Amino acid sequence: MARWCYRHRLVVLVLWVGALFGLGAAGTSAGTDYSNVFSLPDTDSKRAYDLMTKAFPESSGDTDTVVWRVDEGASARDADVRSRVEPALKEIAGMKGVGEVVSPYASGEAGAAQISGNGRIAYARVTFAEEANSVPKDLVQDVVDTAQAAERPGLQVELGGQAITRIQEPPTGIAEMVGIAAAAVVLFLAFGSLFAMLLPIVIAVFGVGLGMLSTMLLSHVTDIPEVAPLLGSLIGLGVGIDYALFIVTRHRRGILRGMKAEESAVQALNTSGRAVLFAGGTVCIALAGMLVMNMRFLDGVVIAASLTVVLSVLAAITLLPSLLGLLGPRVLSRKQRRRLAVTGPEPAEASGLAARWSSYVQRRPRSTAALAFVVMAFLALPLLSLRLGATDQGNHQESTTTRQAYDMLADGFGPGFNGPLQVVAEEADTGGLVATIRETEGVATVAAAPPADGISVINVVPTTSPQSEETDRLIDRLRGEVIPEAGVEAHVGGVTAVFKDFAAVTGDRLPYFVGAIIALGFLLLLIAFRSLVVPLTAALMNLIAAAASFGVLVAVFQWGWGTELIGVGKEGPITAFLPVIMLSLLFGLSMDYQVFLVSRMHEEWVHTKDNARAVRVGLAETSRVINCAALIMICVFSAFVLSGDMEGAMAGIGLAAAVALDAFILRTALVPAAMHLLGRANWWLPAGLEKRLPHLAVEPREEPGEPVATAPVPHARVEEPYGEGGASVVHGASVVHGASVVHSASVVHGFIRTAEGEPLAGAVLTLLSKGGTRLDRVTSLADGSYIVAAPSAGAYLLAATAPGYAARARHVMVADGPLVYDVELAQGEMDAVN
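These lines cover the structure that appears in this document, whether it is placed above or below. (Residues numbered from 1 in each chain as written. Predicted model: local features only at pLDDT ≥ 70, side-chain atom pairs only at ≥ 80, totals over all residues. Heavy atoms only, no water.)

### Considerations on the overall build of the protein
Each helix and strand counted, the protein has 24 helices and 22 strands in total. Evaluated residue by residue, the protein yields a buried proportion of 55% over its 834 residues. Expressed as a percentage of contacts within the protein between residues at least 6 apart in sequence, the contacts between residues at least 24 apart total 77%. Total accessible area on the protein stands at roughly 34700 Å², and carbon and sulfur atoms take up 59% of it. (Helix = DSSP H or I, 4+ residues; strand = E, 2+ residues; numbered from the N terminus. Buried < 20%, exposed > 50% of the residue type's maximum accessible area, 1.4 Å probe, protein only. Contact = heavy atoms within 4.5 Å. Areas by Shrake-Rupley, 256 points an atom, 1.4 Å probe, with all protein chains shown as cover.)

Written out as structure tokens, the structure is:
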């Protein structure tokens, strides 16, 4: 498929552009129909909601609040205050789209109740004809401008409510654009090429664009919450850029090592592309784990996020090879193209900081693992005080009118005024219940509405704020003590009670959810890498990453460490549904990095059966691209602080912290250190289980060697063989040397020993081209084994050096298969190289 997309690049590009514009036209004409369904079956708040719906089947549109406050010594009842506020309220009531305005200046007890006890704060209720999401922003802005035009020195006017919140949101797409811009900078620094930088961004834009437009259309046929497209774009941008980054990096590496552009693209898709496909599947499986929670609200999030991930993966494996075909060698920078033309292909062995770090981890695995674990454990400590709840306008920034209105109402009418409870009873006579509730600790005011259809609603205002733990205890007291003692069939509802129930249900079901996604991830890695230890290590690391990232989340959003600094308002509880969403995304992304890291290690293990080399090479060759990918995700996720949505900011900061910890500490230090300590046990799988597991190859399957007795075999010859290795017969693509089985097309491998036959560790072996260009350089392991990679069949120079020994250099001829060549170094001889 990769080759077809590469060769038919214009057709593929036209299909993708057509799909984007076609869905764009359909989505624009259809609009959106997002809906938030927070209620849960079999909860007390849901039963209260059902009774209220029965008594009041058709509620009016969104109700917002105009709040005003006068200076000390004045009163909201003063004639000069009333003369400024009342005309503004009448003008608002006359606007098209406004259903009703209830003023405190209306005659009767209801109006008087809208003025605080000290007379300084009053409010009016503005009811729109439609729900908040459907109210035009122009109308909301007119209401705000008209109300605030009544201000004067000594008179402050603020507004609160869901419709008002909408006009405070930054323009749609700001967070995405900032994230993309930051990612572009990182990509340019990593690639040094404008075209290479643009490729991952284009893939992400197509994936997220199609995902968002599809979500818009799906909102007309199923319940999609408002936060779903935001979370979908968040995860889509991250994985879209990362998946393309992994493939482009592999493609560029192939070209730099001498491959033709088309063959390099095909190989990149056949290796990294397979890993992308597998990683995308793990993300979708992790997202689907949310269905275990059995919450309708989360179903829409699963649909939006999974659809965006699928489209991002599809773009990476079809659109990307077509774009690589359009660019050809221009995917490299001009400097790289000039160097390739002058000096020839680069060596296959990774070098630089990544290789040095990988060698350091191999030498000191215990200290590396211990330090990484201590850091993660320390960051996870705040998790012990995690409290789930709901955010409201009291968590907005102090400069916003909604936060000002919230604080004014709390100051004038009590902290609980912003989150009243509704006690709903299936009988008309609730006098005794009202009296009992009024005497309950934690209740500020109680007011019973006239019954309808035999159902009574009692409005209860707590003495504490909606996010307070005391308010949660009051709800428990009403349900467990007050209502049963009154002998009345009643239920406690309201927004505050709904979110409390939501948090309780989330906490109860969270262990099942975590168990489900860990089990699914374990099974996938077990099948992919044919190992029990690798998936067990991945599961443990995912739990460590989750604990540490939630610790950071609690410290920032619950404890308030830097909330105003990063512009997300006042601290409060962690949104009840956020752990489920974050854990799904976190497990999916962690699995991505695990797949990309371990797949390269597994590839090397299959080739050499040397665990130390497999872990070292895998880390050296993938750590740089993983860290680069993580840095891009951190930029994208952190930018969602600018989304204007508290849940989006929480998810962005939490995921940015999770990715940073996962990539820079877990995958770069703790995982490879643990794998070095575990040794060959990493790849252990019982023989009985091996036979029963289906085969799911992350790396492309290599062609098996031909049997010795039935087919002629190619020979690899060494000119002037030195040592005992000599020339070896290679059967197909496999050669047995000692206990090791090497599966590779063009490698030279063997052992380096002293004249006495002792293995020589730490010797440096270099493979050079006939022109003297270094192609590969490795250091021999403790048993003296080595393996160097040759880009193709041909003649090469193999040089071996070690401190205190004479260097050796010999010409070797590599055929279509691997070449076994042992080297012997002796002390006190003339340096053969010099």
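Having seen the structure, we can now continue with the description.
### Notes on the pattern of salt bridges
For the structure on display, the rule yields 19 salt bridges. Put simply, Asp472 and Arg387 hold a salt bridge, and the shortest N to O gap is 4.0 Å. Of this pair, Asp472 sits in helix H18 (residues 469-486) while Arg387 is found in the loop between helix H15 (365-380) and strand E5 (388-389), placing the two residues 85 residues apart along the sequence. Through salt bridges with shared partners, a single network forms among Arg253, Arg600, Glu604, Arg613 and Glu621. (Salt bridge = Lys/Arg side-chain N within 4 Å of Asp/Glu carboxyl O.)

### As for the packing of aromatic side chains
Across all of its chains, the model carries 8 aromatic pairs by this definition. Geometrically, the ring pair formed by Trp357 and Tyr360 is stacked, given 5.5 Å between the ring centres and 20 degrees between the ring planes. Of this pair, Trp357 and Tyr360 are both found in helix H14 (residues 353-363), 3 residues apart, which corresponds to roughly one turn of the helix. Grouping aromatic residues by their ring pairs yields a cluster made of Tyr123, Phe413 and Phe417. (Phe/Tyr/Trp six-rings, centres within 6.5 Å; stacked < 30°, edge-to-face > 60°.)

### Topic: the sheet that holds strand E4 (residues 155-160)
Across the sheet, which stays open at both edges, the 4 strands sit in the order E2-E3-E1-E4 with antiparallel pairing between neighbours. Two strands in the sheet have a free side with no partner beyond their single neighbour: strand E2 (98-102) and E4. Averaged over all neighbouring strand pairs, the angle between strand axes comes to 20 degrees, with direction disregarded. Here 4 bridges tie E2 to strand E3 (residues 121-128), and the two strands are oriented antiparallel to one another. Looking at E3, one finds that Glu100 is bridged to Thr127. Sheet strands touched by helix H6 (residues 137-148): strand E1 (63-70), E2, E3 and E4. Its angle to E4, the strand with the most contacts, is close to 160 degrees. (Pairing = 2+ DSSP bridges. Axes fitted to C-alpha atoms, helices over the stretch in contact; angles between N-to-C directions.)

### Observations regarding helix H4 (residues 79-93)
With 15 residues, H4 should cover 21 Å at 1.5 Å per step; its first-to-last C-alpha distance of 21 Å lies within 8% of that length. Burial in H4 covers these residues: Val81, Val85, Ala88, Leu89 and Ile92. Each element contacted by the buried residues of H4 is listed here: E1, E2, E3, H6 and E4. (Expected span 1.5 Å × (residues − 1).)

### Focus on the packing of helix H10 (residues 227-256) against helix H21 (residues 578-608)
At their nearest, the axes of H10 and H21 sit 11 Å apart, and the two run at 10 degrees to each other. When the interaxial angle is binned, H10 and H21 end up roughly parallel. Taken together, the residues of H21 that come into contact with H10 (itself represented by Leu231, Ile235, Val239, Asp242, Tyr243, Phe246 and Arg250) are Ile581, Leu585, Leu589, Asp592, Tyr593, Phe596 and Glu603. Residues belonging to the contact of H10 with H21 are distributed by class as follows: 10 nonpolar, no polar and 4 charged. (Parallel < 35°, antiparallel > 145°, perpendicular 65-115°, else oblique. Nonpolar A, V, L, I, M, F, W, Y, C, P; charged D, E, K, R; others polar.)

### Considering the sheet that holds strand E16 (residues 764-768)
Judged by pairing direction, the sheet is antiparallel, and its 4 strands sit side by side in the order E17-E16-E19-E20 without closing on themselves. The outermost strands of the open sheet, each flanked by one partner alone, are strand E17 (774-779) and strand E20 (808-814). When the angles between neighbouring strand axes are averaged without regard to direction, this sheet yields 20 degrees. The pairing of E16 with strand E19 (residues 794-801) spans 5 bridges and is classified as antiparallel. Its bridge partner lying in E19, Thr766 is registered against Ala799.

### With respect to the side chain of Ser193
You can see Ser193 is positioned in the loop between helix H8 (174-191) and helix H9 (194-218). At 3.5 Å, the side chain of Ser193 forms a polar contact with the backbone nitrogen of Phe195. In terms of polar contacts, Ser193 uses its side chain to reach the backbone amide nitrogen of Ala196, at 3.3 Å. Non-local contacts of Ser193, meaning those with residues more than four positions away in its chain, are made with Phe188, Arg252, Arg330, Val331, Leu332 and Ser333. (Polar contact = N/O pair within 3.5 Å; in protein donor to acceptor, adjacent residues only side chain to side chain.)

### What about the side chain of Thr440?
Considering the arrangement of structural elements, one finds Thr440 in the loop between helix H17 (431-438) and strand E7 (443-448). A relative accessible area of 10% places Thr440 in the buried class.

### Let's talk about a negative patch on the surface
Residues Glu91, Asp138, Asp142 and Asp145 make up a contiguous surface patch of negative charge. Structurally, the position occupied by Asp138 is in helix H6. (Patch = residues over 30% accessible without salt bridge, like charges linked within 9 Å, V, L, I, M, F, W, Y side chains within 5 Å. Lys, Arg positive; Asp, Glu negative; His and termini not counted. Charge placed at Lys NZ, Arg CZ, Asp CG, Glu CD.)

### Brief notes about the environment of Leu189
Its location among the elements puts Leu189 in helix H8. With 439 residues separating them in the primary sequence, Leu189 and Cys628 have C-alpha atoms 9.8 Å apart.

### Side note on the packing of H10 against helix H12 (residues 296-327)
In the contact formed by H10 and H12, the axes pass within 8 Å of each other and the chain directions differ by 25 degrees. Classed by the angle they form, the pair H10 and H12 counts as roughly parallel. Once H10 is placed against H12, the crossing between them reads as right-handed. Of the residues belonging to the contact of H10 with H12, the class tally is 18 nonpolar, 7 polar and no charged. (Left-handed = near helix turned anticlockwise from the far one by under 90°.)

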